[in-house]
Amino acid sequence: MPARARIPLAAVVVVLLSLVLGACSGSSERPRVSGLSADTRYIPRKTASAVRPHYVRRCTTNTERVKHTSSSGSGKHKRKRTWYTTENRRSCHQVRRGSERYTRLVHSSAYCVELNNVNGKKTADNRWYEVDQKTYRKAEGVPDGKKLRFRPVGDDC
């Protein structure tokens, strides 16, 4: 393929790829769902104790012999002078020393709402949705079987 044909082809590929990725990403907001209120559930945050290696910073100082040169004059009278100095160099790195305990997060807290007849479909029952705290408090006050409409944060709570 000639070089002139590759440039427009590459441009077409880039444009098509950006269109496909743009269509896949869509909007960041989830669509609203509606249905009959069935239940609410709060899942508290869960943590666990764990152990990880503990690292400390260790630095060492080394001396290094450095060569210096300077020149003066020109032509036949050019002189080169050389001298050496000793300079200190410091290098630091992480070294493992023992272990440390920490609290790791197994899963964060979640507010969940169960709906029946989701979006008017009689077969779409017992669907759980993760919602924000404000929607959860609102759903707690709604009696079972009453219509509820909200924008979920996530599915399968």
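These figures come from a predicted structure and were not determined experimentally.

1. Some remarks on the overall build of the chain
Secondary structure assignment for the chain yields two helices and seven strands. Sequence-ordered secondary structure for the chain, helices as α and strands as β, is α-β-β-β-β-β-α-β-β. Counting the 157 residues in the chain, one finds 17% classified as buried. Within the chain, residue pairs in contact and separated by at least 24 positions form 70% of the contacts whose partners lie at least 6 positions apart. Summed over all atoms, the accessible surface of the chain reaches about 12,500 Å², with 50% contributed by carbon and sulfur.

2. Some thoughts on the state of the cysteines
Per the counting criterion, the structure on display carries one disulfide. One disulfide in the model links cysteine 59 with cysteine 92; its S-S distance is 2.0 Å. Disulfide cysteine 59-cysteine 92: the torsion about the S-S bond is 110 degrees, which places it as right-handed. Taken together, the residues cysteine 59 in strand S2 (residues 46–72) and cysteine 92 in strand S3 (residues 79–107) connect sequence positions 33 residues apart.

3. Observations regarding the pattern of salt bridges
For the coordinates displayed, the defined rule picks out six salt bridges. Across the pair arginine 89 and glutamate 64 runs a salt bridge whose closest N-O atoms are separated by 3.2 Å. Of the two residues, arginine 89 is situated in strand S3 and glutamate 64 in strand S2; the sequence distance between them amounts to 25 residues. You can call arginine 89 partly exposed: its relative accessible area is 39%. The exposure class of glutamate 64 is partly exposed, given its relative accessible area of 38%. A salt bridge links glutamate 140 to arginine 137, with the nearest nitrogen and oxygen atoms 3.4 Å apart.

4. Quick word on a positive patch on the surface
On the surface, Arg32, Lys134, Lys138, Lys147 and Arg149 cluster together into a positively charged patch. Broken down by secondary-structure element, the contributors of at least two residues to the positive patch are helix H2 (133–140) and strand S6 (147–150). For lysine 134, a relative accessible area of 71% translates into the label exposed.

5. Points about the side chain of asparagine 117
Looking at where asparagine 117 falls in the secondary structure, it is placed in the loop between strand S4 (110–116) and strand S5 (127–131). Taking relative accessible area as the criterion, asparagine 117 reaches 18% and is therefore assigned buried. Setting aside anything within four residues of it in sequence, one finds asparagine 117 in contact with Ser34, Gly35, Leu36, Lys122, Ala124 and Asp125.

6. Re the sheet that holds S6
Read from one edge to the other, the open sheet built from five strands follows the order S6-S1-S4-S5-S7, with strand pairing classed as antiparallel. Because the sheet does not close on itself, it has two edges, and the strands there are S6 and strand S7 (154–155). Where S5 meets S7, two bridges bridge the pair, whose relative direction is antiparallel. Of the residues in S7, the one forming a bridge with tyrosine 129 is aspartate 155.

7. Section: the confidence of the model for the chain
Model confidence for the chain is summarised by a mean pLDDT of 86, while 82% of its residues fall at 70 or above. Per-element confidence in the chain is highest for S2, whose mean pLDDT is 96, and lowest for helix H1 (residues 3–25), whose mean pLDDT is 58.

8. Observations concerning H2
Turning to H2, its buried residues number three or more, namely Thr135, Tyr136 and Ala139. All buried residues of H2 fall inside an arc of 100 degrees around its axis, so they share one side. The exposed residues of H2 that point more than 90 degrees off its buried face are Lys134 and Lys138. The secondary structure elements touched by the buried residues of H2 are strand S1 (33–43), S4, S5 and S6.

Thresholds, definitions, all that
- Residues numbered from 1 in each chain as written.
- Predicted model: local features only at pLDDT ≥ 70, side-chain atom pairs only at ≥ 80, totals over all residues.
- Heavy atoms only, no water.
- Helix = DSSP H or I, 4+ residues; strand = E, 2+ residues; numbered from the N terminus.
- Buried < 20%, exposed > 50% of the residue type's maximum accessible area, 1.4 Å probe, protein only.
- Contact = heavy atoms within 4.5 Å.
- Areas by Shrake-Rupley, 256 points an atom, 1.4 Å probe, with all protein chains shown as cover.
- Disulfide = S-S within 2.5 Å.
- Salt bridge = Lys/Arg side-chain N within 4 Å of Asp/Glu carboxyl O.
- Patch = residues over 30% accessible without salt bridge, like charges linked within 9 Å, V, L, I, M, F, W, Y side chains within 5 Å.
- Lys, Arg positive; Asp, Glu negative; His and termini not counted.
- Charge placed at Lys NZ, Arg CZ, Asp CG, Glu CD.
- Pairing = 2+ DSSP bridges.
- pLDDT = per-residue confidence, 0-100.
- Arc of directions from axis to C-beta.

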